[in-house]
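# Geometric and topological summary
The chain contents come next:
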Amino acid sequence: MPVGNIPTHKELPVTFSGAVCFGFYLVTLGQTLRWQLFTDEGWKLRRHRNNLILIATLLIFAFTTIYIALGLYKGMNNVYDAVYGHKMPGFIDWISTIGQCTTAQTVALLADTVLIYRCWIVSAKSKRILIFPIVMWIGGVVCTVIQAYWQAVQTGHFGTGHWEPVNMTVGPGIVLTPFWATTLALNTYTTGFLVRRILTAVKNFKTVESPVQPLQLLLRIFAESGVLYFSTTIAHLAVWFTPSNLGIRILSEINIPTIGIAFNIILIRVAENRAREARAENARRNGVSIMRFAENNTPPSKGLIVISQETTISSYNSEVGSYITTRLPSEPRSPA
């Protein structure tokens, strides 16, 4: 993203910060691909998987890798220039300038697309729910195109070569400011909608005295990932309104991998919960029914036998790719 140059010795913390966050991202990527591609038990390929989520995961990985690589490419050139007094042979400035901005915004748009998809599924495919997030998403796409075009005009490789002010004196610019604003608005809306739906489901399950742990877990997952994403993105946006080029560079480097980390954490935690629920269900099915004799003065043969029975309601939650199992206890019954 366009930002003023920093002293060469400060390239190290920028590169280090980006590398550390990218390393954490790769760890979460390996975990989420394991749960998406292989069965819960063992390493057999999963027959049924959510291809949309898988494609989004791989695209986010590709664009995040390009983003980090371009940042390293630019940093290496700055160091080379400081040592030898000229740019690296074959270095093309506009590739790193345009490429980093475009890939960063593309990663955010991909993550937003999955959030919109989840809202669509949870809302029983209601189109009315999608109006606001889709408008925000289209606004982000428009900002991305304008940003790339104006940066190309600045470098003189396209158009007339006339300089256009992408950056303002203070702030990320007249294009990046609305882009990150629309992204934050979209995430606030979609995350809030998902959390509200989960809270409603928890309340409904409590009225029938049904276990709500799976839904509470989903709520905690979305809350944790939302805090991680929002805190980094808001800090990234706020630092643009400061004169610290070093702060802007560091937060720009860590913001994009953090989006991928938050995206993967949701998939990992939900998949782990799905596997845990499946193991518990198998153990329950293989168990023995519990028989309890009522305490009274009559002989056991005439006592009340209460057989613990459960009615299992299992529904596939496609927006997060997991089964949510609810067990409703049945009424005690006496033997004939």
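Residues take numbers from 1 onward in each chain, read along the sequence in its written order. Per-residue local features are limited, in this predicted model, to residues with pLDDT of at least 70; the limit for side-chain atom pairs, both in listing and counting, is 80 or more; totals at the level of whole chains, interfaces and linings are taken over all residues. Excluding hydrogens and water, the side-chain values take into account all heavy atoms of the structure.

A word on the pattern of salt bridges. Should a side-chain nitrogen of Lys or Arg be within 4 Å of a carboxyl oxygen of Asp or Glu, the pair is scored as a salt bridge. Scanning the entire structure with this criterion turns up one salt bridge. Between Glu11 and Arg249 there is a salt bridge, with its nearest N and O atoms 3.0 Å apart. Of this pair, Glu11 sits in helix 1 (residues 11–37) while Arg249 sits in helix 7 (residues 245–286); the two residues are 238 residues apart in sequence, bridging distant segments of the chain. Under the scheme applied here, a residue whose accessible area is under 20% of the maximum for its type counts as buried, over 50% as exposed, and between as partly exposed, the area being computed with a 1.4 Å probe on protein chains only. Glu11 sits in the buried class, given a relative accessible area of 3%. Each helix is a run of DSSP H or I of at least 4 residues and each strand a run of E of at least 2, with the numbering of both proceeding from the N terminus.

Below, the discussion takes up the environment of Leu52. On the secondary structure map, Leu52 appears in helix 2 (residues 51–84). Separated by 65 residues in the primary sequence, Leu52 and Tyr117 have C-alpha atoms spaced 9.4 Å apart.

Another aspect to go through is helix 2. Helix span, expected: 1.5 Å multiplied by one less than the number of residues in the helix. Helix length check: helix 2 (34 residues) gives 49 Å between terminal C-alpha atoms against 50 Å at 1.5 Å per residue, within 8%. In protein, a polar contact means a hydrogen-donor-capable atom and an acceptor-capable atom, both N or O and within 3.5 Å, with residues adjacent in sequence counting only if both atoms are side-chain atoms; elsewhere, any N or O pair within 3.5 Å suffices. For helix 2, the side-chain oxygen to backbone nitrogen distance between the N-cap and Leu52 is 3.2 Å, and the N-cap itself is Asn50. Note on helix 2: the residue one or two positions beyond its end, Gly85, has a positive phi of about 85°.

A few words on empty space enclosed by the protein. Grid points spaced at 1 Å over the protein atoms alone were grouped into cavities, where a 1.4 Å probe fits but cannot get out, and pockets, open sets with protein on both sides within 12 Å along at least five of seven lines, with lining residues defined by an atom within 4 Å of a point. Grid points are joined across faces, edges and corners, and a volume is the space filled by probe spheres set on the points. On inspection of all chains with the given rule, the structure shows three cavities of 30 Å³ or more. Lining the largest cavity are 14 residues, with Leu115, Asn187, Tyr229, Ala262 and Ile266 sitting closest to its centre. The set of elements that each furnish at least two residues to the lining of the largest cavity consists of helix 3 (93–122), helix 5 (176–207), helix 6 (213–239) and helix 7. Ranked by the residues each element gives to the lining of the largest cavity, the list is headed by helix 6, at five residues. Considered class by class, the residues forming the lining of the largest cavity number nine nonpolar, four polar and one charged. Classification convention: Asp, Glu, Lys, Arg as charged; Ala, Val, Leu, Ile, Met, Phe, Trp, Tyr, Cys, Pro as nonpolar; all other residues, Gly among them, as polar.

A word on the packing of helix 2 against helix 3. For helices, the axis comes from a line fit to the C-alpha atoms of the stretch in contact; other axes are also lines fit to C-alpha atoms, and the angle between any two N-to-C directions lies between 0 and 180 degrees. Where helix 2 meets helix 3, the axes come as close as 9 Å, and the angle between the chain directions of the two elements is 160°. Between helix 2 and helix 3, the angle is such that the two are roughly antiparallel. When the axes of helix 2 and helix 3 are compared, the crossing they make is left-handed. Working definition: roughly parallel below 35 degrees, roughly antiparallel above 145 degrees, roughly perpendicular at 65 to 115 degrees, and oblique for all remaining angles. Handedness of a crossing is defined here by the sense of rotation of the near helix relative to the far one, left-handed for an anticlockwise turn of less than a right angle and right-handed for a clockwise turn.

We now examine the confidence of the model for the protein chain. For every residue, the pLDDT score states the predictor's confidence, bounded by 0 at the bottom and 100 at the top. Residue-level pLDDT values for the protein chain average 76, and 72% of them are 70 or greater. When pLDDT is averaged over each element of the protein chain, helix 1 comes out on top at 92 and strand 2 (residues 305–307) at the bottom at 34. Every residue pair with non-hydrogen atoms within 4.5 Å of one another is taken to be in contact. Here residues 161–165 is modelled with pLDDT under 50, and outside its nearest four sequence neighbours on either side it reaches ten contacts, counting other chains as well. Segment residues 288–336 is flagged for pLDDT under 50; beyond a separation of four residues in sequence, or across chains, it makes 82 contacts in the model.

UniProt positions are given in the numbering used here, feature names are shortened, and annotations may be inferred rather than shown by experiment. Cross-referencing UniProt, the feature "transmembrane region" (unreviewed entry) maps to residues 12–30, 51–74, 94–117, 129–150, 170–196, 217–242 and 254–271 in the present numbering. The annotated region residues 51–74 carries 100% helix and 0% strand content, and the separation between its end C-alpha atoms amounts to 35 Å. Helix makes up 100% of residues 94–117 and strand 0%, and the two end C-alpha atoms of the span are 34 Å apart.

Two elements in contact, helix 3 and helix 7, have axes whose closest approach is 10 Å; the angle formed by their N-to-C orientations is 25°. Classed by the angle they form, the pair helix 3 and helix 7 counts as roughly parallel. Of the two elements, helix 3 crosses helix 7, and the hand of that crossing is left-handed. Within the contact between the two elements, helix 3 uses Gln100, Ala104, Val107, Ala108, Ala111, Val114 and Arg118 and helix 7 uses Glu253, Ile256, Ile259, Phe263, Ile266 and Leu267. Residue classes in the contact of helix 3 with helix 7 are distributed as ten nonpolar, one polar and two charged.

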